[in-house]
Amino acid sequence: MALSKLNTACPLDCPDTCSITVTVDDGRLIAVDAGPGNPVTDGFICQKVKHHPRRVYAPERVMTPLIRTGAKGSGEFSEASWDEALDLIAAKLTESIAAHGPSSLVPYLYNSSTGSSQGTLTDKLFRRLGASRVDHTICALTNAFAHIAVYGDMSSADPRDVVHAEHVIIWGANPTISNVHFPPLVTKATKAGAKLTVIDPRATAMAKRADHHIALRPGTDVVFAYAVARELREQGGLATSFLDERAEGVTEFIAAADEWTLERAAIECGVAETDITIFATALAQTSKTFWRVGWGLERNRNGGSGCAAVFSLPVLAGHFGQLGSGVMYSTSDQTPYNYDVCDPDTPAELRKGRHVNMNTFGKLLVDPDGEEPVHFLYVEGNNLAVTNPAQATVLAGLGRDDLFIVVHDQVLTDSALFADVVLPATTHFEARDVAGSYGTYMFQEMPAVIDRVGESRTNNEVAAALAARLGFDADAYDPSEAATIEGAISDGGSARSKREVRKEGSTVQLRDVFPSGKFQLASIPTLGVPRYQRLVDSYPLTMLTPATHKTINSMFGEFQKADTSIHMHPTDAAARSLTDGEAVVVSNDRAQVFTTLTIDADVRLGVTTMAKGVWRKDFEGGLTPNALCPDTLSDLGDGACFNDARVEVERRDSAPV
Ligand SMILES: Nc1nc2c(c(=O)[nH]1)N[C@H]1C(S)=C(S)[C@@H](COP(=O)(O)OP(=O)(O)OC[C@H]3O[C@@H](n4cnc5c(=O)[nH]c(N)nc54)[C@H](O)[C@@H]3O)O[C@H]1N2
Ligand SMILES: Nc1nc2c(c(=O)[nH]1)N[C@H]1C(S)=C(S)[C@@H](COP(=O)(O)OP(=O)(O)OC[C@H]3O[C@@H](n4cnc5c(=O)[nH]c(N)nc54)[C@H](O)[C@@H]3O)O[C@H]1N2
Ligand code: SF4
Ligand SMILES: [Mo]
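Every chain's residues receive numbers from 1 upward, in the order its sequence appears when written. Throughout, the order in which chains and ligands are written sets their labels, letters from A for the former and numbers from 1 for the latter. Per-residue local features are limited, in this predicted model, to residues with pLDDT of at least 70; the limit for side-chain atom pairs, both in listing and counting, is 80 or more; totals at the level of whole chains, interfaces and linings are taken over all residues. As a rule here, side-chain values cover all heavy atoms of the structure and leave hydrogens and water aside.

### Observations regarding the overall build of the protein
Thinking step 1. Strands are runs of DSSP state E lasting at least two residues, helices are runs of H or I lasting at least four, and both sets are numbered from the N terminus onward. Summing up its helical and strand segments, the protein has 20 helices and 27 strands in all.
Thinking step 2. Its C-alpha atoms give the protein a radius of gyration of 25 Å, near enough to 26 Å, the size a compact globule of 657 residues would have.
Thinking step 3. The contact definition used throughout considers only heavy atoms, calling two residues in contact when any of these lie within 4.5 Å. Of all intrachain contacts in the protein linking residues separated by at least 6 positions in sequence, the fraction that spans at least 24 positions is 76%.
Thinking step 4. Surface accessibility follows the Shrake-Rupley procedure with a 1.4 Å probe radius. Residue values consider only the protein chains on display as shielding. Split by element, the accessible area of the protein, about 23,500 Å² in all, is 50% carbon and sulfur. The reference for a compact globule is 2.2 Å times residues^0.38; the radius of gyration itself is calculated from the C-alpha atoms.

### Examining the site of ligand 3
Thinking step 1. Near ligand 3 you find Cys10, Cys14, Asp16, Thr17, Cys18, Ile45, Cys46, Val49, Val180 and Ile552, and these make up its full shell.
Thinking step 2. Charged means Asp, Glu, Lys or Arg here, nonpolar means Ala, Val, Leu, Ile, Met, Phe, Trp, Tyr, Cys or Pro, and polar covers whatever is left, Gly included. Each residue belonging to the shell around ligand 3 can be placed in one class, and the counts come to eight nonpolar, one polar and one charged. Note on definitions. A residue lies near a molecule or strand when any single heavy atom of the residue is within 4 Å of it.

### Some points on the site of ligand 1
Thinking step 1. Around ligand 1 sit 35 residues, and of these Ser178, Asp200, Arg202, Trp295 and Thr551 come closest.
Thinking step 2. A distance of 2.7 Å is found between an oxygen atom of ligand 1 and a side-chain nitrogen or oxygen belonging to Ser178.
Thinking step 3. Between N or O atoms, a polar contact is any pair within 3.5 Å; within protein, one atom must be a potential hydrogen donor and the other a potential acceptor, and residues adjacent in sequence are included only when both atoms are from side chains. In this structure, a nitrogen atom belonging to ligand 1 sits 2.8 Å away from a side-chain N or O atom of Asp221.
Thinking step 4. The protein chains hide 98% of the 920 Å² of surface that ligand 1 would expose on its own.
Thinking step 5. Domain borders in the structure are assigned automatically or taken from a domain database. Residue assignment places the shell around ligand 1 across two domains, with domain 2 (141-329 + 513-520) and domain 3 (541-651) each supplying three or more.

### Overview of the side chain of Asn111
Thinking step 1. On the secondary structure map, Asn111 appears in the loop between β6 (105-109) and α4 (121-128).
Thinking step 2. Residue classification places Asn111 among the buried positions, given a relative accessible area of 11%.
Thinking step 3. A polar contact of 3.0 Å, which involves the side chain of Asn111, links it to the side chain of Asn459.
Thinking step 4. Among residues more than four places away in sequence, those in contact with Asn111 are Gln118, Gly119, Glu380, Gly381 and Asn459. Residue exposure (1.4 Å probe, protein chains only): buried if accessible area is under 20% of the type maximum, exposed if over 50%, otherwise partly exposed.

### Details of the packing of aromatic side chains
Thinking step 1. Centres within 6.5 Å make a pair out of two Phe, Tyr or Trp rings, where for Trp the six-membered ring is used; the pair is then stacked when the planes are under 30 degrees apart, edge-to-face when over 60, and tilted otherwise. Counted under the stated rule, the structure contains 24 aromatic pairs.
Thinking step 2. On the numbers, 6.2 Å between centres and 35° between planes, the contact of Phe182 with Phe290 is tilted. Of this pair, Phe182 sits in helix α7 (residues 182-191) while Phe290 sits in strand β12 (residues 289-293), and the two are 108 residues apart along the sequence. When sorted by exposure, Phe182 lands in the same class as Phe290, which is buried.
Thinking step 3. Judged by centre distance (6.0 Å) and plane angle (35°), the ring pair of Phe224 and Phe279 falls under tilted. On the criterion of sequence distance, the pair formed by Phe224 in helix α9 (residues 221-234) and Phe279 in helix α13 (residues 273-285) is long-range, its members being 55 residues apart. With respect to burial, Phe224 and Phe279 carry one shared label: buried.

### Here we look at the environment of Val407
Thinking step 1. Residue position: Val407 is located in strand β16 (residues 404-409).
Thinking step 2. Since its relative accessible area comes to 1%, Val407 is described here as buried.
Thinking step 3. Sequence separation of Val407 and Gly471 is 64 residues, and the distance between their C-alpha atoms is 22 Å.
Thinking step 4. Ignoring sequence-local partners within four residues, the contact set of Val407 consists of Val379, Ser415, Ala416, Ala419, Val421, Val422 and Leu423.

### Concerning the sheet that holds strand β25 (residues 592-599)
Thinking step 1. Being paired, for any two strands, means DSSP has found at least two bridges between them. The mixed closed barrel is built from six strands, whose spatial order is β22-β26-β23-β25-β24-β27. Averaged over all neighbouring strand pairs, the angle between strand axes comes to 45°, with direction disregarded.
Thinking step 2. Pairing of strand β24 (residues 583-587) with strand β27 (residues 645-651) involves four bridges; the strand directions are antiparallel. Within the sheet, the bridge partner assigned to Val585 lies in β27 and is Glu650. In this description, a line fitted to the C-alpha atoms serves as the axis of each element, helices being fitted only across the stretch in contact, and the angle between N-to-C directions of two axes falls anywhere from 0 to 180 degrees.

### Regarding the pairing of β27
It is a general feature of regular strands that their side chains alternate between the two faces of the sheet.
Thinking step 1. Two strands pair when backbone bridges link them, and strand β22 (residues 541-544) and β27 are joined in this way by three bridges, in the antiparallel orientation. The residue of β27 that forms the bridge with Met543 is Ala645.

### Some points on the environment of Gly454
Thinking step 1. The residue Gly454 is located in the loop between β19 (442-446) and α18 (459-469) in this model.
Thinking step 2. Overall, the relative accessible area of 42% leaves Gly454 in the partly exposed class.
Thinking step 3. Along the primary structure Gly454 and Met63 are separated by 391 residues, whereas in three dimensions their C-alpha atoms are 4.3 Å apart.

### Looking at the nonpolar core
Thinking step 1. Ranked by internal contacts, the top residues of the largest apolar core, which has 60 residues, are Trp171, Phe224, Phe279, Leu316 and Phe519.
Thinking step 2. Apart from residues no more than four positions distant in its own chain, Phe519 is found in contact with Val150, Tyr151, Met154, Phe242, Arg246, Ala247, Glu248, Val315, Phe320, Leu510 and Phe514. Here, the term nonpolar core denotes a set of buried Ala, Val, Leu, Ile, Met, Phe, Trp, Tyr and Cys residues that are joined through side-chain atoms within 4.5 Å.

### So, the environment of Asp602
Thinking step 1. Inspection of the secondary structure puts Asp602 in the loop between β25 and β26 (607-609).
Thinking step 2. A relative accessible area of 27% means that Asp602 is categorised as partly exposed.
Thinking step 3. With residues near it in sequence (within four places) discarded, Asp602 still touches Pro201, Arg202, Ala203 and Lys208.
Thinking step 4. Looking at Asp602, its side chain comes within polar contact range of the side chain of Lys208, at 2.7 Å.

### Quick word on the sheet that holds β6
Each strand in a sheet pairs with another by means of backbone hydrogen bonds, the pair being arranged parallel or else antiparallel.
Thinking step 1. The strand order across the open sheet formed by six strands is β5-β4-β17-β16-β15-β6, and the pairing between neighbours is mixed. Every interior strand has two partners, whereas the edge strands, β5 (77-79) and β6, have only one. Neighbouring strand axes in the sheet, compared pairwise and without regard to direction, differ in orientation by 15° on average.
Thinking step 2. Here β6 pairs with strand β15 (residues 376-380) via five bridges, running parallel. Paired with Leu109 across the strands is Glu380, a residue of β15.

### Quick word on the confidence of the model for the protein
Thinking step 1. Every residue gets a pLDDT, meaning the predictor's confidence in that residue, from 0 to 100. With 99% of its residues at a pLDDT of at least 70, the protein reaches an overall mean of 97.
Thinking step 2. Taken element by element, the predicted model of the protein shows its lowest mean pLDDT in strand β20 (residues 498-500) (91) and its highest in strand β9 (residues 195-199) (99).

Here it is as structure tokens:
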């Protein structure tokens, strides 16, 4: 055996972006381990990626282009050559434009688990055609809009700096699962004496070790934050001279907060009044406070208000400017990768494509309601059949006989089963790229470390081949690394390196970044001041769908089955005479999902949880929790409202139909 060890990075949709070392045997991936030289991820990687070799060679891996032979969704395909598949796609593209206009083309490009360059040429190609554009509203946009509104362009705090904090606040995030290198840093802080507060409807692992766990009712973060702001003022904890100098909209914010007395807020949030007062006191007493705000709180109708109100609290308390203080959210704006996806040859009349929201995409497919219908769908780096809300509608849309679907993916996903043409994609082990990060200040090279599996091609290679068939200038669609990677590194550094975009201790907010910046606590676009809407629904239980340690979104779900049961508080189970492990049906007006019950005292009363990213094959009847999730939109950025799902759970006494 000629084993070699090579260093690369993990670009999956995870904040950590680990440096990894792979063991390769004659071009074949054998093992994945932690790699050297990364201050955040040195030492260990997650169990999912330990199993990555199995996924690279999984029986589900797409080895050649496939063309549909059976009914839509049946998963019956025959193997085809690349030329056959690409000719067919190019012909359908041309046909759809001629018959229905360019808006009828929808490139559904997401690529959140790829290297930085994989989102470029396909986007450029479809923009050149004047196709619709899919806005990435499904994740993080609500939170991002809120921090832009409150913080302008202030960069995120650096996770490494949490070790210097005296108080760590984890709000709507579950780093033990979703950001595994953060908890050890928090442990360093708490060992040095820092307090830990966790605000989450569930007793997560971090919540269990916290000094203060506030298990508020989902979607009430804005109310809780207002009540804390009001209490901070009552306790004399507002940083008044700092606010005079650095913030606008404080009076409006406090006026809106005023209606949330301790008593009213505690009832609305389902917490004790002391949860509010103790937290406010802690904010007033310690300015070296490090805030980790996650994405759990954005995924409801009040997500924008909730995030904006939470982001306002460290401003009101003046928690900036010292090492160990600051707010950590996404670090992605520091990735020095910038590829211009505009093809200069794009005719003026095609430059403004219509915008399509991911969250309501199922509805657009089945019931465009006056909008231009979709006739050609190109899915790249996404598995909407199981990751979008309103799953039954999405599946009905994907099953339309008059919709031509291309899915370019590594494995035969639930979405690929609906395709007319499936194209085999490389994994990040098979092609060179660079990895930006959304949770660290690292930028890393990913060389090609193994041989290509089957006939897989990169996204950019496929786009280039299609562009050639459509007669576009080859120079504008050059898929070489020199063009797509090296030419796009915007900070002048080489792609051939691993480097810290910012050094440890150099991202202290209002000291190193945003030194003379001003905060805006009110007049948030479309919101004004953050506001609260109570959700009225006839189904009594809230269903949250958090991340699991087995999968990254739906990746690895082909062989690593996540927990498919529904978790419920013992009191809610007793009220329904349900016992642990029994078969149940989870239902609402959208769907019925068949599963089993796990009685779990870690979830709040009135709240249930099911895993996100699970595959259809793991559910009798083929509907996953996403079938129960609404396609309503958040109050800022039109983001997803997965966590606004309301359900009832009953004993299952009949087989699914
Ligand atoms: N292992 C693993 N890691 C992942 C992923 C994965 O699928 N698996 N996905 C990646 C992606 S795409 C993302 S976006 C991130 C997400 O990372 P996180 O933000 O950590 O993700 P979630 O698990 O969605 O939610 C975090 C917590 O929010 C809580 N929560 C839900 N609703 C509310 C609410 O209204 N208020 C408050 N305060 N809390 C609430 C949930 O109970 C949960 O514990 O993780 C990334 N990392
Ligand atoms: N119920 C519920 N659902 C949710 C959420 C929730 O909170 N609750 N959260 C949502 C969140 S946070 C997110 S980010 C979305 C994610 O939703 P998706 O993006 O649909 O999730 P993934 O499962 O990561 O799908 C990525 C796909 O890209 C493929 N892929 C990887 N690399 C490449 C490549 O180089 N080229 C190509 N062509 N394909 C590649 C993978 O094999 C995988 O099938 O899901 C959302 N879904
Ligand atoms: S998924 Fe996250 S924790 Fe796991 S190896 Fe990749 S970057 Fe590291
Ligand atoms: Mo996400």
